[in-house]
Structures are given as structure tokens and as C-alpha cells.
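# Results of the structural survey
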Amino acid sequence: MAFKSLKPLHRAPLLHVSVQESLRAYINENGLEAGAPMPPEGELASQLGVSRNSLREGIKALESVGVLESRRGVGVFVKAFSFEPLLDNLAYGLGGALRQIEEVLEIRRTLEVGLIAKTLQKITDEDIQELRQVVARMRVHAERNEAFVDEDRLFHRLLFRCQENETLVRLIEVFWLAFYKASDFVNLENTDPMATWRDHEAIVDAVEARNLEDARNRLDSHYEGIARVIEHNKTNTTNGRIP
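Under an unreviewed UniProt entry, the name given to the chain is DNA-binding FadR family transcriptional regulator, and the organism recorded is Phyllobacterium trifolii.

In C-alpha cells form, the structure reads like this:
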């Protein structure tokens with residue numbers, strides 16, 4: 001297969017940025033897929049007209065955002081797409097600002113409430129049984145006044161898995177993880193974990209009954225409950241008390 005060459009850089013006020021852009025263009029123009037090897041460093045540097053150090057800076061930057069990966073003693077390869085770099089950067093950017101956390105929560109809320117209708121059309125009895133099992137584990141934790149973060153994450157994945165839309169599932173995962181990473185929600189004070197468990201049980205009841213209006217209302221109510229937990233913690237922080 002004949003590969004297109006990289007274009008030399010004529011003007012590079014920010015050389016590492018220009019190197020990154022050229023490497024991205026090379027990947028796209030040659031249709032390189034995950035796992036495909038990049039040319040040797042010397043060849044890349046020569047084609048770009050830059051030093052190896054400048055090239056390595058660009059490669060490291062693309063590694064940090066999940067575009068490339070270096071394998072010691074082997075070379076540089078195109079990396080499979082992953083949301084992890086986005087998640088890490090999103091959570092870092094959000095920090096601990098509760099106002100921004102509320103905005104991420106609102107995106108999750110709108111996404112799930114808006115797309116639950118298709119779940120009601122496609123969900124199977126086996127899917128509902130899995131959801132029931134997860135909710136049962138939530139109850140065990142709630143009765144002990146314990147958090148159930150892992151069960152919550154699985155619940156929301158299962159709720160939309162039947163739509164067979166991997167992009168949707170990944171988006172839900174992005175906003176779930178961004179919210180939990182940014183808010184450290186597991187350590188926020190939840191004054192009523194039993195109510196949170198009941199929210200999830202009610203969602204499954206509505207889904208099993210194929211009652212769209214009720215399912216939307218139950219999901220919306222669930223997110224309203226999370227918003228109240230955040231508001232409770234904002235009040236405590238304002239008053240100088242850290243949960």
C-alpha cells in the first residue's frame with residue numbers, strides 16, 4: 001500500500017501544535033485504523049522538516065489525548081478510540097465546582113429522559129430481570145446506609161443497552177463518569193439512600209409496564225433527588241460544614 005507523505009512545515013509559531021496537526025492529517029489521509037504502525041521517528045521528522053525532539057513532543061501530546069501510543073522498542077501506533085482521555089480532561093476541567101456539576105447532571109437528565117421511549121420498545125424480559133437484580137443489590141446497600149455507585153453505573157448502562165446504540169451507551173457513560181469524578185458523589189452526604197433505591201425500583205416498574213409517561217416522570221424525579229443531594233451539600237459547604 002502506497003502511503004501519502006507528510007507535508008513539510010513552512011511556518012510553525014507553535015511547533016509542537018503544528019506537528020500534532022500534521023500527524024493527525026497523516027492518519028486521516030492514509031485511512032490508518034487502530035493498531036496501524038506509524039513510520040519510524042527518523043522518517044517522520046525528515047518528512048516534517050523538524051527535529052526528533054520536536055516530533056516526540058507532538059507524539060507525546062497525541063498520546064495524552066488517546067490518538068497515538070508508543071510501544072517501547074517497537075514504535076508508535078494509532079490507538080483505538082477511547083472516551084477515557086475526554087473523561088479525565090472533562091473531570092479535571094469541572095473540578096469541584098458544584099454549579100458545573102449541576103450542569104453535567106442536567107445533560108444526563110435530558111439525555112436519559114429524552115431517549116427512554118426507545119428502551120420501552122426494545123427492552124426484553126431478560127433485560128428487566130437484570131435490572132431487578134441490580135436494584136436488589138442497591139437495596140442491600142441502602143439498608144446498611146451504604147453508597148452503591150457500581151450498581152448505579154450498571155443500572156443506567158443496562159437501561160439503554162437494549163437500544164444497541166454503542167455511541168449512546170458511551171455518551172451515557174461519559175456523563176456518568178464525568179459527574180462522579182467531578183463531584184466525588186460517593187462522598188457527598190446522601191441523607192436518604194433508601195429513597196434513591198426506591199427511585200431506581202420505580203423506574204424499573206414503569207419500564208416493565210411499558211408506561212412511557214411514568215418512566216419519564218420517574219427518571220426525572222430520580223435526577224431531581226440527586227439535585228437535592230447536591231443542593232444539600234452546597235448549603236453545608238456555604239455554612240462551613242464539609243460533609
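## A word on the overall build of the chain
Looking only at helices and strands, the chain features 10 helices and 2 strands. The secondary structure elements of the chain, listed N-terminal to C-terminal, are α-α-α-β-β-α-α-α-α-α-α-α. Burial statistics for the chain: of 243 residues in total, 42% are counted as buried. Within the chain, counting contacts between residues at least 6 apart in sequence, those at least 24 apart form 69% of the total.

## What about the pairing of strand β1 (residues 68-71)?
Relative to strand β2 (residues 75-78), β1 is paired through 4 bridges, and the arrangement is antiparallel. Paired with Glu69 across the two strands is Phe77, which belongs to β2. Hairpin connection from β1 to β2: 3 residues lie between these consecutive antiparallel strands, with Gly73 at a positive phi of about 80°.

## Structural notes on the packing of aromatic side chains
Within the structure shown, the criterion is met by 0 aromatic pairs. The ring centre of Phe77 lies 3.9 Å from the NZ or CZ of Arg71, which sits over that ring.

## Some details on the nonpolar core
Counting residues in each nonpolar core, the largest one holds 38 residues, and the members touching the most others are Ile116, Leu131, Phe155, Leu159, Phe179, Val207 and Leu219. Grouped together as the second largest cluster of nonpolar side chains are 19 residues, Leu32, Leu44, Ala45 and Ile59 included.

## Let's talk about helix α7 (residues 149-161)
Taking 1.5 Å of rise per residue, 13 residues should cover 18 Å, and α7 covers 18 Å from first to last C-alpha, within 8% of that figure. Along α7, the residues that are buried comprise Val149, Glu151, Asp152, Phe155, His156, Leu158, Leu159 and Phe160.

## What to know about the confidence of the model for the chain
When the pLDDT values of the chain are averaged, the result is 83; 80% of them are 70 or greater. Confidence, expressed as mean pLDDT per element, reaches its minimum in the chain at helix α4 (residues 84-94) with 61 and its maximum at helix α6 (residues 125-143) with 97.

## Some points on the side chain of His222
Structurally, His222 can be placed in helix α10 (residues 212-238). You can call His222 buried: its relative accessible area is 2%. In this view, His222 contacts Asp152, His156, Thr196, Asp199, His200 and Ile203; residues no more than four positions away in its chain are not counted.

## Some details on the pattern of salt bridges
Taken as a whole and judged by the stated rule, the model has 14 salt bridges. The residue Arg109 makes a salt bridge to Glu224 at a minimum N-O spacing of 3.1 Å. Residue Arg109 is found in helix α5 (residues 98-122), and its partner Glu224 is found in helix α10; the two are separated by 115 residues along the sequence. Given a relative accessible area of 12%, Arg109 falls into the buried group.

Cut-off values and rules
- Residues numbered from 1 in each chain as written.
- Predicted model: local features only at pLDDT ≥ 70, side-chain atom pairs only at ≥ 80, totals over all residues.
- Heavy atoms only, no water.
- Helix = DSSP H or I, 4+ residues; strand = E, 2+ residues; numbered from the N terminus.
- Buried < 20%, exposed > 50% of the residue type's maximum accessible area, 1.4 Å probe, protein only.
- Contact = heavy atoms within 4.5 Å.
- Pairing = 2+ DSSP bridges.
- Phe/Tyr/Trp six-rings, centres within 6.5 Å; stacked < 30°, edge-to-face > 60°.
- Lys NZ or Arg CZ within 6 Å of the ring centre and 35° of its normal.
- Core = buried A, V, L, I, M, F, W, Y, C linked by side-chain atoms within 4.5 Å.
- Expected span 1.5 Å × (residues − 1).
- pLDDT = per-residue confidence, 0-100.
- Salt bridge = Lys/Arg side-chain N within 4 Å of Asp/Glu carboxyl O.

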